[in-house]
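A structural walkthrough
Now for the letters of each chain:
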Amino acid sequence: MSDILDIEKEFLQYVKKMQAYEEALNLMYWDLRTGAPKNGVEQRSQVIGVLASEHFQMSTSEEMAAYIASLSSKQDKLTEIGKLTLKECKKQYEKNKKIPAKEYEEYVVLQSNAEHVWEQAREASDFDMFKPYLEKLVAFNKKFIEYWGYSGNKYNTLLDMYEPGVTVDIIDQVFGELRDVIVPLVKKITDSGNKPKTDFLFHKFPKDKQKEFSIKILEQMGYDFNAGRIDETVHPFAIGLNPGDVRVTTRYDEKDFRMAVFGTIHEGGHALYEQNISKDLIGTPLCTGTSMGIHESQSLFYENILARDRAFWECNYELLKEYADGQFDQVSLEDFYRAINEAKPSFIRIESDDLTYALHIIIRYEIEKGLFNDEIQVEDLPRVWNDKYEEYLGIRPSNDAEGVLQDVHWSGGSFGYFPSYALGYMYAAQLKNAMSKNLPNYEELLRKGDLLPIKNWLTEHVHQYGKTKEPLEIIKLATGEGLSAKYLGNYLEEKFSKVYQLS
């Protein structure tokens, strides 16, 4: 017994060293994206390459193989953290080892070239420039699926990288139910004569005032500035080095305050997750969010469900006015609330509102699933893409840049990633429904700006577990049932029927 615990202890020390490399890499990544000197970027990239290579080699080394072999047969003797860390390391080891080294090297080079060509193709709005690279990326991933193996649908293997335990059968059901709610609702809103006024949103709102207001809201949410900071970047993100150092970034637009304010709230939701993971998991690969979707559920809960609620602004609208230099002095709370909840079909996913956003994801999911089941060919993508936008959103892209070339994900080989965005929104709505039963005064808490009981509920039911539980396990434990689309469908229907005064 003591022998196996000694091996486990050595194994966890080995993993702790790997996590130290990862923390250093994350810190350098944050620095590159928040203003590192331009002349140092090339050398910094070389350093990142060396550390990333070392981390990868440790994850696939003979030493790691020996630990996996020694511990796998005696898992019942391990501590819970040791058992779960072994499971995670074994999964990564097998994933990386099953691809021949030469093919992996070719794939990495292809990814780098493809992203560069994608940028040029998007600028020229010419899918044919990118097509041969995308065909190769899809072909490589089809080959990788065969190496890794699959259960049921081939696409399940790609889904599992981002959303463990979630399958095509589950997504087909919940996405189908959600699509059937949103598509007719979008049509009703498009035909409605009760559109909100929004012109007052686009006046000058000084950057420094936006930042001060955003910090006030982060504090209200329970973000710990002793364990984090806020910085400016071009493409906002949150990054967790460890629970004691979780940083958010944002981007300011003085003609549209929503970018920074709602963007900061979104990243703040991610950050609260990382700040409140159990400290027992530090130094293991379990000290992070369990999946892309559960992570996104935290950011979308705060950004869309909480911060676009009328009750939230009953508390914070007067505060916003204090920072807004008169911009909203003649605007009623009701008009402001309707304006920030405007919904209308748009071509660009990242610019879409919180009603139509899920349709952008459903379209991408249906296309990816078709690609990996040989039902759609790469050459068909522009036509299939445009047809789906017309069918679901009632609009048809006029060129490839606003259509099939708008997202960077495919150029990096990130297939299976998109569904997590819409799954996250579903998780968020389902968690909010369960939370409301435990916190029947939820709306009153928003009106008072007392958001800590909400954060504490999420920490108890989601945050603390890190990666020790899979997404559907967290949802089942927190809500008492499996994943359901009805909570998001009901939320969107109820909210937007009120905003647009639909009969």
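Look a little higher up for the structure.
From a predicted model like this one, the values you see are computed outputs, not experimental measurements.

1. Let's talk about the overall build of the protein
Per the secondary structure count, the protein includes 20 helices and 3 strands. Here the C-alpha atoms of the protein give a radius of gyration of 23 Å, agreeing with the 23 Å that 2.2 N^0.38 yields for 503 residues. Its C-alpha atoms give the protein principal-axis dimensions of roughly 70 × 50 × 50 Å. When burial is assessed residue by residue, the protein has 53% of its 503 residues classed as buried. The contacts in the protein between residues at least 6 apart in sequence include a share of 73% that link residues at least 24 apart. Taken as a whole, the protein presents about 22400 Å² of accessible surface, with 48% of it coming from carbon and sulfur. Considering the protein, the positive charge centre built from 60 side chains and the negative charge centre built from 81 side chains are found 1 Å apart.

2. Some words on a negative patch on the surface
Together, D3, D6, E10 and E63 give the surface a local cluster of negative charge. With 3 residues, the top contributor of residues to the negative patch is helix α1 (residues 2–33). Tracing the chain through its elements places E10 in helix α1. Residue E10 is classed as partly exposed on the basis of its relative accessible area of 46%.

3. Brief notes about the packing of aromatic side chains
Inspection of every chain in the model, using the stated rule, returns 32 aromatic pairs. With 6.3 Å between their ring centres and 50° between their planes, F418 and Y421 make a pair best called tilted. You'll find F418 and Y421 in the same group, each marked buried. A network of ring pairs unites the aromatic residues F200, F205, F213, F257, F262, F312, W313, Y317, Y323, F328 and F336 as a single cluster. Here the basic side chain of K136 rests over the ring of Y133, its NZ or CZ set 5.9 Å away from the ring centre. Above the face of the W30 ring, R247 is positioned so that its terminal group lies 4.3 Å from the ring centre.

4. As for the sheet that holds strand β2 (residues 238–242)
A sheet is described by the order of its strands in space; here 3 strands give the open sequence β1-β3-β2, paired in mixed fashion. Across the chains shown, the open sheet's two edge strands, defined by having one partner strand only, are β1 (230–232) and β2. Averaged over neighbouring strand pairs, the angle between their axes works out to 25° when direction is ignored. Pairing of β1 with strand β3 (residues 245–250) involves 3 bridges; the strand directions are parallel. Across the sheet, residue D231 finds its bridge partner in β3, namely T249. Across the face of the sheet, helix α10 (residues 258–275) comes into contact with β1, β2 and β3 while running at roughly 165° to β3.

5. Describing the pattern of salt bridges
In total, this model carries 34 salt bridges according to the counting rule given. Salt bridges sharing common partners tie together R310, E314, E334, E444 and R447.

6. Overview of the packing of helix α11 (residues 292–306) against helix α16 (residues 419–438)
Two measures define how a pair of helices packs: the angle their axes make with one another and the distance between the axes. The geometry of α11 relative to α16 is characterised by a closest axis approach of 7 Å and an angle of 65° between their N-to-C directions. The hand of the α11/α16 crossing is right-handed. Touching M292, G293, I294, E296, S297, Q298, L300, F301, N304 and I305 of α11 are S420, Y421, G424, Y425, Y427, A428, A429, L431, K432 and M435, all from α16. When the residues that make up the contact of α11 with α16 are grouped by side-chain class, the tally is 12 nonpolar, 6 polar and 2 charged.

7. A look at helix α9 (residues 207–221)
Over its 15 residues, α9 runs 21 Å from end to end, which matches the ideal 21 Å to within 8%, given 1.5 Å per residue. Among the residues of α9, Q210, F213, S214, I217, L218, Q220 and M221 are the ones counted as buried. Considered in projection along α9, the buried side chains sweep an arc of 155° and stay on one side of the axis. The inward-facing, buried residues of α9 abut β1, β3, α10, α11, α12 (310–323) and α18 (452–461). Looking one or two residues past α9, G222 carries a phi angle of roughly 105°, positive in sign.

8. Some words on the pairing of β2
Relative to β3, β2 runs antiparallel, the two being bridged by 4 bridges. Across the sheet, G240 pairs through a bridge with V246, a residue of β3. Where β2 hands over to β3, the hairpin turn is made up of 2 residues, counted between the paired strands.

9. Topic: the side chain of S346
By secondary structure assignment, the location of S346 is in the loop between α13 (333–340) and α14 (357–372). Classification of S346 by relative accessible area gives buried; the value is 18%. Once residues within four sequence positions are removed from consideration, S346 is found in contact with E351, S352, H360, Y389, L393 and I395.

10. Quick notes on the packing of α9 against α10
In the contact formed by α9 and α10, the axes pass within 10 Å of each other and the chain directions differ by 30°. By the angle between their directions, the pair α9 and α10 is classed as roughly parallel. Read as a crossing pair, α9 and α10 show a hand that is right-handed. Together, Q210, F213, S214, I217, L218 and M221 of α9 and A260, V261, T264, I265, G268, G269 and L272 of α10 make up the contact between the two elements. For the contact of α9 with α10, the residue count by class is 8 nonpolar, 5 polar and no charged.

11. Some words on the environment of F372
In this fold, F372 is placed in helix α14. For F372, a relative accessible area of 1% translates into the label buried. It is 6.7 Å that separates the C-alpha atoms of F372 and K154, two residues lying 218 residues apart in sequence. What F372 contacts, discounting residues up to four positions off in sequence, is V138, N141, K142, I145, K154, Y155, L158 and F415.

12. Describing the pairing of β3
The buried fraction of β3 amounts to 6 of the 6 residues, a majority that puts the element mostly inside the structure. Of the two faces of β3, both are covered, the one formed by D245, R247 and T249 as well as the one formed by V246, V248 and T250.

13. Concerning the environment of K432
Its place among the elements puts K432 in helix α16. Sequence separation between K432 and D76 is 356 residues, and the spatial gap between their C-alpha atoms is 36 Å. In this structure K432 touches F301, I305 and Y442, once residues within four positions along its chain are discounted.

What counts and what doesn't
Residues numbered from 1 in each chain as written. Predicted model: local features only at pLDDT ≥ 70, side-chain atom pairs only at ≥ 80, totals over all residues. Heavy atoms only, no water. Helix = DSSP H or I, 4+ residues; strand = E, 2+ residues; numbered from the N terminus. Rg over C-alpha atoms; globule rule 2.2 N^0.38 Å. Buried < 20%, exposed > 50% of the residue type's maximum accessible area, 1.4 Å probe, protein only. Contact = heavy atoms within 4.5 Å. Areas by Shrake-Rupley, 256 points an atom, 1.4 Å probe, with all protein chains shown as cover. Lys, Arg positive; Asp, Glu negative; His and termini not counted. Charge placed at Lys NZ, Arg CZ, Asp CG, Glu CD. Patch = residues over 30% accessible without salt bridge, like charges linked within 9 Å, V, L, I, M, F, W, Y side chains within 5 Å. Salt bridge = Lys/Arg side-chain N within 4 Å of Asp/Glu carboxyl O. Phe/Tyr/Trp six-rings, centres within 6.5 Å; stacked < 30°, edge-to-face > 60°. Lys NZ or Arg CZ within 6 Å of the ring centre and 35° of its normal. Pairing = 2+ DSSP bridges. Axes fitted to C-alpha atoms, helices over the stretch in contact; angles between N-to-C directions. Left-handed = near helix turned anticlockwise from the far one by under 90°. Nonpolar A, V, L, I, M, F, W, Y, C, P; charged D, E, K, R; others polar. Expected span 1.5 Å × (residues − 1). Arc of directions from axis to C-beta. Parallel < 35°, antiparallel > 145°, perpendicular 65-115°, else oblique.

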